[in-house]
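Understanding the architecture of this molecule
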Amino acid sequence: MPLRRGAREWLEATHGPLFELHRHYAGQLFESELITSPDDLRRVVITCLAAIASLGFIVPKLYYQKYEFLSLGPNADLYRRAIYADQLFFIVMTILGIAALVTFQWDSLFPSRQDYLILRALPLKLSHIYFAKLTTLCALVVLVIVLLNIPCAVSFASVISGAHDLAPSWLETFAEFAAAFCAGVFVLFVLALLQTVLMNVLPLRWYARASASVQSLLLVAVLCAIPWAVDLPNAVHWVDWRPAWSGYAPPLWYLALYEKLIGRASHGDSVLALRGIEAMIAAIAATILVSVLFHRRYAKRIFESEVKLRGSRLHLAERVADLIARDPRESAILLFALRSLERLKQHRMIRLVYAGVGCALLIESGIGLILSGAMSRGPIQRGAALDAGFALPLLLFFFLFTGLRYAFRIPVDLRANWLFRLTAQDATLERERALRLIYFGFAIVPAVVTTLPFLFLVLLPWKAIYGVCFAVLIALIIIERELSNTDTIPLTCSYLPGKRNILHTGIIYWLTVFGLTSILTAFEAIGAANPVRAALAIGVLALILFRTQKREPSSELPELRFDDTPEPAVATLGLARE
Amino acid sequence: MLEVRKLTKRYSAIPAVQDVSFSIRPGQILGYLGPNGSGKSTTVKMLTGLIEPSDGEIFFRGENVLKNRLWFSRHFGYVPEEPYLYAHLTGREYLQLAGRLRGMEKSLLEPKIEAMLELFGLAEFRDTQMSSYSKGMRQKVLLSAALLHDPQVLILDEPFSGLDVTAALVFRSLLQALANEGKMILYSSHVLEVVEKVCSEVVILHRGRVLAYDSVARLRDLRASTSLEDVFSQLVMQEDVGAVASQMIAVMRA
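Predicted, not measured: the structure shown is a model, and the values here were computed from it. (Residues numbered from 1 in each chain as written. Chains lettered and ligands numbered in written order. Predicted model: local features only at pLDDT ≥ 70, side-chain atom pairs only at ≥ 80, totals over all residues.)

1. Quick notes on the overall build of chain B
Looking only at helices and strands, chain B has 10 helices and 10 strands in total. For chain B, the C-alpha radius of gyration of 19 Å lies close to 18 Å, the compact-globule estimate for 254 residues. Counting only C-alpha atoms and orienting by the principal axes, one finds that chain B spans roughly 55 × 50 × 40 Å. Classification of the 254 residues of chain B by burial places 43% in the buried group. Taking the contacts inside chain B whose residues are at least 6 apart along the sequence as the reference set, 68% of them involve residues at least 24 apart. (Helix = DSSP H or I, 4+ residues; strand = E, 2+ residues; numbered from the N terminus. Rg over C-alpha atoms; globule rule 2.2 N^0.38 Å. Buried ≥ 20, exposed ≤ 12 C-beta atoms within 10 Å, placed from the backbone. Contact = placed C-beta atoms within 7 Å.)

2. Observations regarding the overall build of chain A
Broken down by element type, chain A carries 20 helices and 2 strands. Residues counted as buried form 37% of the 578 residues belonging to chain A. Long-range contacts, defined here as pairs at least 24 residues apart, represent 81% of the contacts in chain A between residues at least 6 apart.

3. A look at unusual backbone geometry
Residues and elements named next belong to chain B. In this structure, Asp-19 takes a positive phi of about 50° despite not being glycine. Summarising the element assignment, Asp-19 is placed in strand 2 (residues 14-24). Look at Asp-19 and you get partly exposed, because 14 C-beta atoms sit within 10 Å. Phi is positive for Glu-158, which is not a glycine, with a value near 50°.

4. Some words on the interface of chain B and chain A
Contacts between the two partners involve 28 residues from chain B and, on the opposite side, 29 residues from chain A. Counting residues per element, the ones that place at least two in the side of chain B that touches chain A are helix 2 (69-73) and helix 3 (91-101) of chain B. At 5 residues, helix 3 of chain B tops the list of elements feeding residues into the side of chain B that touches chain A.

5. Considering the confidence of the model for chain A
All names here are of chain A. Averaged over all residues, the pLDDT of chain A is 82; the fraction at 70 or higher stands at 87%. The least confident element of chain A is strand 2 (residues 575-576), whose mean pLDDT is 48; the most confident is helix 10 (residues 250-261), at 94. This stretch, residues 573-578, has a pLDDT under 50; its non-local contacts, to residues over four places away or in other chains, come to 9 contacts. (pLDDT = per-residue confidence, 0-100.)

6. Looking at the nonpolar core
Residues A:Ile91, A:Ala179, A:Phe397, A:Leu400, A:Ala475, B:Tyr94 and B:Ile185 are the most contacted members of the largest nonpolar core, which totals 202 residues. In terms of residue count, helix 8 (residues 169-201) of chain A provides more of this core than any other element does, 16 residues in total. Aside from chain neighbours lying at most four places away, what touches B:Tyr94 is B:Leu85, B:Tyr86, B:Leu89, B:Met130, B:Val141 and B:Ala145. Counting 10 residues, the second largest nonpolar core, distinct from the first, contains A:Leu21, A:Tyr130, A:Phe131 and A:Met199. (Core = buried A, V, L, I, M, F, W, Y, C linked by C-beta atoms within 7 Å.)

7. With respect to the environment of A:Leu386
Mapped onto the elements, A:Leu386 comes out in helix 15 (residues 384-408). Considered as a pair, A:Leu386 and A:Val458 are 72 residues apart in the sequence and their alpha carbons are 8.9 Å apart.

8. Digging into the sheet that holds strand 8 (residues 184-188) of chain B
Residues and elements named next belong to chain B. Strand order in this open sheet of 6 strands is 6-7-8-3-9-10, and the pairing throughout is mixed. The open sheet has two edge strands with one neighbour each: strand 6 (76-79) and strand 10 (209-215). Between one strand axis and the next, the sheet turns through 15° on average, direction left out of account. Here helix 5 (residues 135-147) sits on the sheet and contacts strand 6 and strand 7 (153-157); the angle it forms with strand 6, its principal contact strand, is near 170°. Here helix 6 (residues 165-180) sits on the sheet in contact with strand 3 (29-33), strand 7 and strand 8, set at roughly 145° to strand 8. (Pairing = 2+ DSSP bridges. Axes fitted to C-alpha atoms, helices over the stretch in contact; angles between N-to-C directions.)

9. Here we look at the sheet that holds strand 1 (residues 2-11) of chain B
Each strand in a sheet pairs with another by means of backbone hydrogen bonds, the pair being arranged parallel or else antiparallel. Residues and elements named next belong to chain B. Ordered by their spatial adjacency, 4 strands build an open sheet running 2-1-4-5, and the pairing between neighbours is antiparallel. Each having just a single partner strand, strand 2 and strand 5 (63-64) make up the two edges of the open sheet. Where strand 1 meets strand 4 (residues 55-60), 5 bridges bridge the pair, whose relative direction is antiparallel. When the sheet's bridge partners are listed, Glu-3 is paired in strand 4 with Phe-59.

10. With respect to the pairing of strand 2 of chain B
When strand 1 of chain B meets strand 2 of chain B, the two strands line up antiparallel, connected through 7 bridges. Considered in strand 2 of chain B, the bridge of B:Leu2 is made with B:Ile24.

11. Quick word on the environment of B:Ala145
Residues and elements named next belong to chain B. Topologically, Ala-145 is positioned in helix 5. On the basis of neighbour count, Ala-145 is assigned to the buried category, with 26 C-beta atoms found within 10 Å. Spatially, the C-alpha atoms of Ala-145 and Ala-98 are 6.1 Å apart, while their sequence positions differ by 47 residues. Beyond its immediate stretch of four places on either side in the chain, Ala-145 contacts Tyr-94, Leu-95 and Ala-98.

12. Re helix 4 (residues 59-72) of chain A
All names here are of chain A. Spanning 14 residues, helix 4 covers 20 Å between terminal C-alpha atoms, matching the ideal 20 Å at 1.5 Å per step. Roughly 25° is the biggest bend found in helix 4, and it falls at Gln-65. Turning to helix 4, its buried residues number three or more, namely Val-59, Tyr-63, Tyr-67 and Leu-70. Turning to helix 4, the residues buried within the fold contact helix 5 (76-104) and helix 7 (126-160). (Expected span 1.5 Å × (residues − 1). Bend = angle between axes of the 7 residues up to and from the residue.)

13. Here we look at the environment of A:Pro453
Residue and element names in this part refer to chain A. Mapped onto the elements of the fold, Pro-453 is located in helix 17 (residues 428-458). Given 9 C-beta atoms within 10 Å, Pro-453 falls into the exposed group. Taking the C-alpha atoms as reference, Pro-453 lies 35 Å from Leu-194; in sequence the two are 259 residues apart.

14. What about the packing of helix 5 of chain A against helix 9 (residues 204-230) of chain A?
Residue and element names in this part refer to chain A. Interhelical geometry of helix 5 versus helix 9 gives an angle of 155° and a closest axis separation of 10 Å. One way to sum up the angle between helix 5 and helix 9 is to call them roughly antiparallel. Crossing geometry of helix 5 relative to helix 9 is assigned as left-handed. Within the contact between the two elements, helix 5 uses Phe-89, Val-92, Met-93, Leu-96, Ala-99, Ala-100 and Thr-103 and helix 9 uses Gln-215, Leu-218, Leu-219, Val-222, Ala-225, Ile-226 and Ala-229. Grouping the constituent residues of the contact of helix 5 with helix 9 by class yields 12 nonpolar, 2 polar and no charged. (Parallel < 35°, antiparallel > 145°, perpendicular 65-115°, else oblique. Left-handed = near helix turned anticlockwise from the far one by under 90°. Nonpolar A, V, L, I, M, F, W, Y, C, P; charged D, E, K, R; others polar.)

This is the structure we're talking about:
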């Protein structure tokens, strides 16, 4: 107890500018209204870190039976390959996890303009401000790597110790941890280096757009890689395969490092292991070197930068809005939403995550459908493969739509909402029309354009057309339901998703999406038996859409809402708190 | 005429503004004064509809504003106390948003925006996001947004905050010109010199209540003071300013 009190007192005391700067940045990393209110910071930090650490303790549950079964057999080589495949899985998941974390913090790797504006007035060096931010983030990521991998390494080493084990448990634990740790650190510093180079090499007017594009690509790549990575424990047949390109595949470098550390590496693997270590050191050294060389230039650039937008981009959005919007208020809401979605990092990230997951599922399902052999006798006619084909546009729409819907619920700046409150409380119809256009343009059109060629590839032409029409009608019905259930202008409502249980916002909603997609595609497949049934199904949906659009004529339209409704005490019963 | 009758706002039974009454005639600039926390901004927010009054009434041209908020909102322009605006938009885009939300057609709106940006010296920054604007530049955008639709009533809460000397002078002349055009202007401010120069009448508020409501000249006569600042000091300030300053120095040196 005195030790605990002493530690607390030490933490609460002032410890010089550098320590205080790190403390400030560490607090900033968790400040997001997306996940929490500021008062809950400590709880969220502890929950997140505990959740990461507890992942390792699932390992025995997942692997115990597999290795018990393998250890009973005489095949020690199969046992070894199974361990290698699982080790490759841990390495790849660490790489993907750290890449996702760094991508989420992409814009916070280095001090912002606001950081410099606030901190430059204090007696701090430019290098202090710059390196404190970078080292705080790196320290956090390294902590995540350690928390993620130590329990995994300990648990996995104990599970695989047996008749055919490869090394003593302590060595196994060390080798597993070291390989995954080095892989994580390598990815962290490669991405930090990439952002540093982009920041310092590109002209400022290009930087924001290029950095956002790289971030988008990284996120989509990480999300697309997850389904493939999950399948890695089954890679026992090719885990020893070292093609010519393995020299350029970082996960294989760190798998080779693991083999080297347990003393089972071939000469080729030793070379790869060395390359992994060299690459990690080079990434760290290059990041530090570039940062030392350019941090002053960076501060100057960011401190003096103005976010000046290019005229052509500005006027294109305006021209489109003028062309499709019916009146000034509709075009105002449309332009405000489009510009906010494009320019605000948080909103862009939410849309990216949802679109990335949608694309990952699409790619995975598409490739799976082709590789499954369902098309060996020509276009898919029936069965689970047909359901999977029909599900593609619907799934992609759901994810794009949900991403937009979620982003719209996060206010841009509550204090600036007075403008809408004073001028647009009665803009109910204009809001509906603007939102309908956005959902159509940013959820339905991309879902159809992306999946239509694939549907034509795997289905008969009439079935592909039917599948797309079905998906579009379902999408339009969902959009109409959404429009009639909301009464806020996008990005202005004071409801913050951080107040809501993450289980409700995330997992349950996504499970519902998958459930709904399965039911709808089963219904769709019934209609696909012949063209007459297909036409009937389309007719029914068109009727439902017509009825959904035809609302009760009311003498007075309801005013829009700008305040959040009280949080329900019991969500399922919708009972409001007193 | 804009008339406020016994306007009251209570938060959990604690009054922030109590029984405030005043009226503004066409062509009049009414100064609304008071120390921090006296209820100036609360009154302004009740007038604009951003918060609902607990009691009292507001009339504009004889119509009860509280029963017809939307109709009234088309007739006033508002500059809030703090320059809260959507900083990810450019100055031009913000004015476009404000104008379009008020239903202004593009053909009418765009020339006005260009002219306003030019007059306020913001033309060069028209395509720069307002996140990099200074406070004064943001204030100019808000003033432009309040004037775009040629409102009958102007509700200004500390409108000179952050403005440079030239812009403040221009704006002061503009206020006079707008009053000559028959606009009704409520001017809430701490800057007593400006209020004294531009306002015909003033309301002095303290702890949510009206302490004085009269013409500037008459208040000066009544209080035998040479300036509005003296009047204000006599009515509102209860602290020994010199003693507070001395105490601050002592705290600083501790």
